[in-house]
Amino acid sequence: MGKASVDATTVATVWHGMQTICKEMRFIVDRTAQNYLIAQLHDVSVGIWGADGSTIAVPVGLPVQFLGTQFAVLELIKKFGDDIKPGDLFLTNDPYHGGHNCHLPDWGFFRPIFYEDELLFFTLCRAHQQDTGGAFPGGYFPDGYDIHAEGICIPPTKVYEEGVEQTSILELLWNNVRWPEGTKIDNYAMIGATKMSEKRIIGLLDRYGKETVMACVGEMLNRTERAVRKEIRKIPDGTYHGASATDDDGSVLDVPVWVRVAVTVKGDKMTLDFEGSDPQQQGFINSVHATTYANAIAAVVLCFDPALSDYHNQGTMKPITVKTPEGSVVNCAYPATTGASPVNVGIQVMEAVLEALSKARPDRAVASWGKHRGDYVFAVDPRTGERYVRTSFDYDGSAGAVWGYDGYQGVSTLTAMGACNRGDVEEMEARLPWHLTKYEMVADFTGAGRWRGGPGVHWEAVNEGSDGQVSTGSSDGDEVMGFGAVGGDPSPQSRTYLVRDGKEIRLKPHRRVVIKTGDIMRKYSSGGGGVGNAAKRDPRMVQEDVENELVSIEQAKSIYKVVIDPKTLAVDLAKTKKLRTKSRKKGTKKRRPAA
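Residues numbered from 1 in each chain as written. Predicted model: local features only at pLDDT ≥ 70, side-chain atom pairs only at ≥ 80, totals over all residues. Heavy atoms only, no water.

K.L.:
Break down the overall build of the protein chain for me, with residues and values.
P.N.:
The helix and strand inventory of the protein chain stands at 14 helices and 20 strands. Since a compact globule built from 595 residues should have a radius of gyration of about 25 Å, the 24 Å found for the protein chain is in line with a globular shape. Overall size of the protein chain, expressed as C-alpha extent along the three principal axes, is 75 × 60 × 40 Å. Within the protein chain, contacts between residues at least 6 apart in sequence are counted, and of these 73% link residues at least 24 apart. Accessible surface, the protein chain: about 22600 Å² in total, of which carbon and sulfur atoms supply 51%. (Helix = DSSP H or I, 4+ residues; strand = E, 2+ residues; numbered from the N terminus. Rg over C-alpha atoms; globule rule 2.2 N^0.38 Å. Contact = heavy atoms within 4.5 Å. Areas by Shrake-Rupley, 256 points an atom, 1.4 Å probe, with all protein chains shown as cover.)

Here is the structure:
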């Protein structure tokens, strides 16, 4: 990057200017896209990269969508070389063939940004499309023969050339999705966001000059690297292990698939080695290296000083090495299916790293979040006679605890890291033929601990649309629980049911079944794991949980060792002290929370 001398105020102004540009990109997409998943749930990521592939600004988004983008930028440069010109725009969704994408529904538009005829930056807008072709909408369906069964594969392709739209290419792509007009609207929203980013960055360069802007960027990368190396040095040298599994791969049923990691810290460097993870699978849970890299980096960041949260960039990644064995579930080879990888294996990558780092640095421990409990319903809306596909983050549980704090309640899946949100009930019912009948938090449905996980959720809705199909591919956690940290309890098991004619039909993750008009979808989505010994939780916090109906009086006594009067809900301090003393003498056994 640039070598000009710059003052601290200018560095801060340029840096936060780039952060703001990214946030404005996302705002434009939010306001102009039509896809519920993009416009309402914010399944979209944006950022700015250097011409050398270095990550510069990534303030908000999903790790799988943008933290591995350096690999894609380098492939763009390698493939197109001198044929990258001002006004060009590239599109890709391919996990292979230079795309380094997580799965096919996430289309990414890359715009090169030139200043005075020199390529300085790339900007990206990537978002989950309503459909990308394939055997079932949405991408999260099991039993695809290979990646081509999951949808249309777009290698890095120039869709604008020197400002001129390559309409025939875009029309070819739109003709291969189920909702071409909606996809076109979303694509133009994304394209417009990258154009705005180009305009804003050129304005920044005009105002401060190329040398100053590049020097500011270089300074920020160096500052972040120094800060991250300092954080790594706080971890005792050694090797720490973590592991996590998904319930199955959707093809070989009820056989867990494991991700394993060894985190080695030496001085100010960290290596994440996923050797020992299971081989790539026939099912749709496989992850390419760039996706695993992105999730692993995101997990590490969660264990750093939160004061750094606005400043992560290539400097964060420089001291960290991620190794993934080729042909494994964390570095699969073409043409392996990858549709579920952002959730299944993506979450496991983060959980394995977090478990290892929670052992390495208990004062930064982060427990597992409640597993993602998504599904995709494909049917017809009788109000319009049109086909629809439904998915959401509404049914997820909550976050895991961290050292010093309870888990955040109602946040979305771990691999979204809060970037996606739950939908608005009225908006959902207006768009989709589903009537929500229950949406509430559940007592005793989270990992207990000195700091407990966020609460679990009970969600129910009635299908008022046609008969159709439901794929539970974007869910997990019926069998394998997320970990608790530093003596905290794991997240409980979750369950999903179809209620038909008054009878519950259990729906396991990674299945595809028929859904009928009038069926009730019933989901019990667990909260996150706990951190620390539950018997050391502040009795006043337990009392507050009982008052808020998040913990029962019975569990307050049996797990937290706090005696509460059932009439007044007051803590009996004398009995609590006696019970906790007795518990310490006996020793507290690990518990397996009930589903």
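K.L.:
Summarise the packing of helix α1 (residues 8-32) against helix α6 (residues 180-208); cite the residues concerned and give the values.
P.N.:
Running from amino to carboxyl end, α1 crosses α6 at an angle of 160°, the nearest separation of the two axes being 8 Å. As summarised for this structure, α1 and α6 are arranged roughly antiparallel, according to the angle between their axes. Where α1 crosses over α6, the handedness of that crossing is right-handed. Within the contact between the two elements, α1 uses T10, T13, V14, M18, I21, E24, M25, I28, V29 and T32 and α6 uses I185, A189, M190, A193, T194, M196, S197, R200, I201, L204 and Y208. For the contact of α1 with α6, a count of residues per class yields 14 nonpolar, five polar and two charged. (Axes fitted to C-alpha atoms, helices over the stretch in contact; angles between N-to-C directions. Parallel < 35°, antiparallel > 145°, perpendicular 65-115°, else oblique. Left-handed = near helix turned anticlockwise from the far one by under 90°. Nonpolar A, V, L, I, M, F, W, Y, C, P; charged D, E, K, R; others polar.)

K.L.:
Account for the sheet that holds strand β20 (residues 520-525), with residues named and values stated.
P.N.:
Spatially, β14-β15-β20-β17-β18 is the arrangement adopted by the five strands of the open sheet, whose pairing is antiparallel. One side of each edge strand has no neighbouring strand; the edge strands of this open sheet are β14 (434-442) and β18 (503-506). Within this sheet the neighbouring strands show an average axis-to-axis angle of 20°, counted without direction. (Pairing = 2+ DSSP bridges.)

K.L.:
I'd like a description of the packing of aromatic side chains, backed by residues and values.
P.N.:
Tallied over the entire structure, the rule returns 11 aromatic pairs. Note on Y140 and Y376: the rings are 5.7 Å apart at their centroids and 20° apart in plane angle, and the pair reads as stacked. One end of the pair, Y140, is in the loop between β5 (118-128) and β6 (157-161); the other, Y376, is in strand β12 (residues 376-381), with 236 residues separating them in the sequence. Aromatic pair Y395 and W459: ring centres 4.8 Å apart, planes at 85°, arrangement edge-to-face. In this pair, Y395 sits in the loop between β13 (386-390) and α11 (425-431) while W459 sits in strand β15 (residues 456-463), placing the two residues 64 residues apart along the sequence. One aromatic cluster is present, built from ring pairs that chain together F136, F141, W179 and F378. Between R390 and the ring centre of W434, over which it is positioned, the NZ or CZ distance is 4.4 Å. Just above the ring of Y395 sits the side chain of K523; from NZ or CZ to the centre is 4.6 Å. (Phe/Tyr/Trp six-rings, centres within 6.5 Å; stacked < 30°, edge-to-face > 60°. Lys NZ or Arg CZ within 6 Å of the ring centre and 35° of its normal.)

K.L.:
Which residues make up helix α12 (residues 539-547), and what values do they have?
P.N.:
Along α12, the residues that are buried comprise V542, Q543, D545 and V546. The buried residues of α12 occupy an angular sector of 160° when projected down its axis, which confines them to one face. As for α12, its buried residues are in contact with α13 (553-558). You can read the cap of α12 off the contacts: a side-chain oxygen lies 2.9 Å from the backbone nitrogen of R540, and it is on D538. E549 lies just past α12 and shows a positive phi near 60°. (Buried < 20%, exposed > 50% of the residue type's maximum accessible area, 1.4 Å probe, protein only. Arc of directions from axis to C-beta. Polar contact = N/O pair within 3.5 Å; in protein donor to acceptor, adjacent residues only side chain to side chain.)

K.L.:
So what about the side chain of T292? Which residues, and what values?
P.N.:
Checked against the element boundaries, T292 lands in helix α8 (residues 289-302). On the accessibility criterion, T292 (0% relative accessible area) is buried. Non-local contacts of T292, meaning those with residues more than four positions away in its chain, are made with F274, S287, T324, V330 and V349.

K.L.:
A description of the environment of D52 should follow, citing residues and the corresponding values.
P.N.:
By the element assignment, D52 lies in the loop between β1 (44-50) and β2 (55-57). Sequence separation between D52 and F122 is 70 residues, and the spatial gap between their C-alpha atoms is 9.4 Å. Here S54 takes part through its side chain, which lies 2.7 Å from a polar atom of the side chain of D52.

K.L.:
Could you give an account of the side chain of R580, naming the residues involved and the relevant values?
P.N.:
The topology assignment puts R580 in helix α14 (residues 573-586). One buried charged residue, R580, forms no salt bridge at all, with the nearest opposite charge on D538 at 6.9 Å. From its side chain, R580 meets the backbone oxygen of Y560 in a polar contact 2.9 Å long. Apart from residues no more than four positions distant in its own chain, R580 is found in contact with A534, A535, K536, R537, P539, Y560, K561 and V562. (Lys, Arg positive; Asp, Glu negative; His and termini not counted. Salt bridge = Lys/Arg side-chain N within 4 Å of Asp/Glu carboxyl O.)

K.L.:
Residues and numbers for empty space enclosed by the protein, please.
P.N.:
According to the stated counting rule, one finds five cavities of 30 Å³ or more in the structure shown. Approximately 170 Å³ is the volume found for the largest cavity. Considered class by class, the residues forming the lining of the largest cavity number nine nonpolar, nine polar and two charged. (1 Å grid on protein atoms, 1.4 Å probe; cavity = no way out; pocket = protein on both sides within 12 Å on 5 of 7 lines; lining within 4 Å. Points joined across faces, edges and corners; volume = space filled by probe spheres on them.)

K.L.:
Before we move on, could you go through the sheet that holds strand β10 (residues 269-273) and cite the residues and values that matter?
P.N.:
Reading across the sheet, the four strands line up as β8-β9-β10-β11 and stay open at both edges, with mixed pairing between neighbours. Two strands lie at the open edges of the sheet, namely β8 (238-246) and β11 (320-323), each paired on one side alone. The mean inter-strand angle of the sheet, taken between neighbouring strand axes irrespective of direction, is 15°. Of the strands in this sheet, β10 and β11 are in contact with α8, which crosses β11 at around 140°.

K.L.:
Requested: an account of the pattern of salt bridges, with residues and values cited.
P.N.:
If you walk through the whole model with that rule in mind, you get 37 salt bridges. With its nearest N and O atoms 3.0 Å apart, the salt bridge here joins E198 to K195. With a gap of three residues between them, E198 and K195 both fall in helix α6, about one helical turn apart. On the basis of relative accessibility, which here comes to 9%, the residue E198 falls in the buried class. Taking the shortest distance from any N to any O, the salt bridge between D254 and K508 comes out at 3.1 Å. You can see D254 sitting in the loop between β8 and β9 (257-266) and its partner K508 sitting in the loop between β18 and β19 (512-515), a full 254 residues away along the chain. What makes D254 partly exposed here is its relative accessible area of 47%.

K.L.:
Any chance you could break down a positive patch on the surface for me, citing the residues and the numbers?
P.N.:
Taken together, K557, K575, K578, K582 and K586 make up a surface patch of like positive charges. Looking at the positive patch element by element, the count peaks at four residues for α14. If you trace the backbone, K557 turns up in helix α13. (Patch = residues over 30% accessible without salt bridge, like charges linked within 9 Å, V, L, I, M, F, W, Y side chains within 5 Å. Charge placed at Lys NZ, Arg CZ, Asp CG, Glu CD.)

K.L.:
Tell me about the environment of V46, and name the residues and values.
P.N.:
Relative to the helices and strands, V46 resides in strand β1. C-alpha separation for the pair V46 and G267, spaced 221 residues apart in sequence, amounts to 33 Å. Once residues lying within four places of it in the same chain are set aside, the contact partners of V46 are C22, M25, R26, A57, V58, V60, F66, L124 and C125.

K.L.:
Help me get a handle on the nonpolar core, residues and values and all.
P.N.:
Counting residues in hydrophobic clusters, the biggest one holds 100 residues, and the most contacted among them are M270, L272, F274, W434 and M521. With nine residues, helix α10 (residues 346-360) is the single largest residue contributor to this core. Among all residues touching W434, those that are not within four sequence positions of it are V377, Y388, R390, M428, E429, A461, V462, N463, I515 and M521. Core analysis: the next-biggest nonpolar cluster, separate from the first, contains 47 residues, V11, I21, F109 and F121 among them. (Core = buried A, V, L, I, M, F, W, Y, C linked by side-chain atoms within 4.5 Å.)

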